[in-house]
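# Structural description and commentary
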Amino acid sequence: MAHNRSLDETQLLKAQDLFIGRWGEMGQTWGINRTMAEIHALLYIAVEPLCMDQVMQRLNISRGNASMSLRALCDWGVIRKVSRPGRRRQFYESLPDVWELFSIIISERKRREMDPALETIRQCRAMLSGAKGQKTPATIAAALARLGEMEQFMEVTNAIFQQFIGNNGAGLTQVASVLLQSSGREG
């Protein structure tokens, strides 16, 4: 029986490694540090909280890299520190709810990317609106119109985002459920 457990543990480690590797690659394409994404994946798939030493050993990373990445993941809100009775070390765990994780990640991306882009669009429109004192050249009028359309699109996107992602992702869960039902696939 111990032999089967060993095979099961080996399969678990292989599955974890595959997930961790793919999550790390995906994180990179999203502009997230690969190690940070791999640590998140490890904590998500490990199920049990892990201490920094366990994370370092499992992913073969330095203490500094582990410390900075764990701190950043805590700042994002996708992992949290947990205490273990009778243990002095700090342990970490991923949020288990995938919808909540998705909502947090999307919120953070919106704050870091969409909000500054919208502010830049507004600044550009203000700069070009100043040229209206004279007869506005067609190129400026066209640029103003395009920037206005982009601003409107981003404002609508932000409103939709707030509707679906707000309230801990309840709106997103409802929309996903409706979409699955309408396609004949219930989750």
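Further up the page is the structure itself.
Let me begin by describing the structure that accompanies this report. Starting afresh in each chain, residues are numbered from 1 along the sequence in its written order. Reporting in this predicted model follows two pLDDT cut-offs: at least 70 for local features of residues, and 80 or more for side-chain atom pairs to be given and counted; totals over whole chains, interfaces and linings ignore these cut-offs and use all residues. By convention in this description, side-chain values take in all heavy atoms of the structure and omit both hydrogens and water.

## Thoughts on helix α6 (residues 138-165)
Over its 28 residues, α6 runs 40 Å from end to end, which matches the ideal 40 Å to within 8%, given 1.5 Å per residue. Those residues of α6 lying buried are I140, L144, G148, E151, M154, N158, F161 and I165. Where helices and strands are cited, they refer to DSSP runs of H or I of at least four residues and of E of at least two residues respectively, numbered from the N terminus. Take the residue count of a helix, subtract one, and multiply by 1.5 Å to get its expected span. Burial classes: relative accessible area under 20% of the type maximum marks a residue as buried, over 50% as exposed, and values in between as partly exposed (1.4 Å probe, protein chains only).

## Some points on the packing of aromatic side chains
Pairs were defined over the aromatic rings of Phe, Tyr and Trp, the Trp ring being its six-membered one, requiring ring centres within 6.5 Å. Orientation was assigned from the angle between planes: stacked under 30 degrees, edge-to-face over 60, tilted for the rest. Scanning the entire structure with this criterion turns up two aromatic pairs. On the numbers, 6.3 Å between centres and 35° between planes, the contact of F19 with Y44 is tilted. Taken together, the residues F19 in helix α1 (residues 2-29) and Y44 in helix α2 (residues 34-46) connect sequence positions 25 residues apart. A residue is classified by how much of its surface remains accessible, and Y44, at 31% relative accessible area, is partly exposed. Among the aromatic side chains, those forming a connected cluster through ring pairs are F19, W23 and Y44. We count a charge as sitting over a ring when the NZ of a lysine or the CZ of an arginine lies within 6 Å of the ring centre and within 35 degrees of the ring normal. Just above the ring of F91 sits the side chain of R84; from NZ or CZ to the centre is 5.3 Å.

## Quick notes on unusual backbone geometry
Positive phi values are uncommon outside glycine, yet V47 reaches one of about 70°. As for its placement among the helices and strands, V47 is situated in the loop between α2 and β1 (50-51). Overall, the relative accessible area of 64% leaves V47 in the exposed class. Positive phi outside glycine occurs at N60, with the angle close to 55°. For N60, the position within the fold is in the loop between α3 (52-59) and α4 (63-76). The exposure class of N60 is exposed, given its relative accessible area of 70%.

## A word on empty space enclosed by the protein
Site definitions follow a grid-based scheme: protein atoms alone, a 1 Å grid, a 1.4 Å probe that fits but cannot get out for cavities, and for pockets an open set with protein on both sides within 12 Å along at least five of seven lines, plus lining residues having an atom within 4 Å of a point. Grid points are joined across faces, edges and corners, and a volume is the space filled by probe spheres set on the points. Per the counting criterion, the structure on display carries one cavity of 30 Å³ or more. Its boundaries defined by the atoms lining it, the largest cavity holds a volume of some 120 Å³. Counting residues per element, the ones that place at least two in the lining of the largest cavity are α1, α2 and α4. A per-class count over the lining of the largest cavity returns ten nonpolar, two polar and no charged. Residue polarity is assigned by list, with Asp, Glu, Lys and Arg as charged and Ala, Val, Leu, Ile, Met, Phe, Trp, Tyr, Cys and Pro as nonpolar; anything else, Gly included, falls into the polar class.

## Notes on a nonpolar patch on the surface
Patch criteria: residues need more than 30% relative accessible area and no salt bridge. Like-charged residues are merged within 9 Å; nonpolar side chains of Val, Leu, Ile, Met, Phe, Trp and Tyr are merged within 5 Å. Here the Shrake-Rupley method, with its probe set to 1.4 Å, supplies the accessible areas, and only the displayed protein chains count as covering residues. For salt bridges, the criterion is a side-chain nitrogen of Lys or Arg within 4 Å of an Asp or Glu carboxyl oxygen. A grouping of Y44, V98, W99 and F102 is seen on the molecular surface, where their side chains present a nonpolar patch of about 350 Å² in accessible area. Broken down by element, the nonpolar patch gets its largest block of residues, three residues, from helix α5 (residues 98-129). Note that F102 resides in helix α5.

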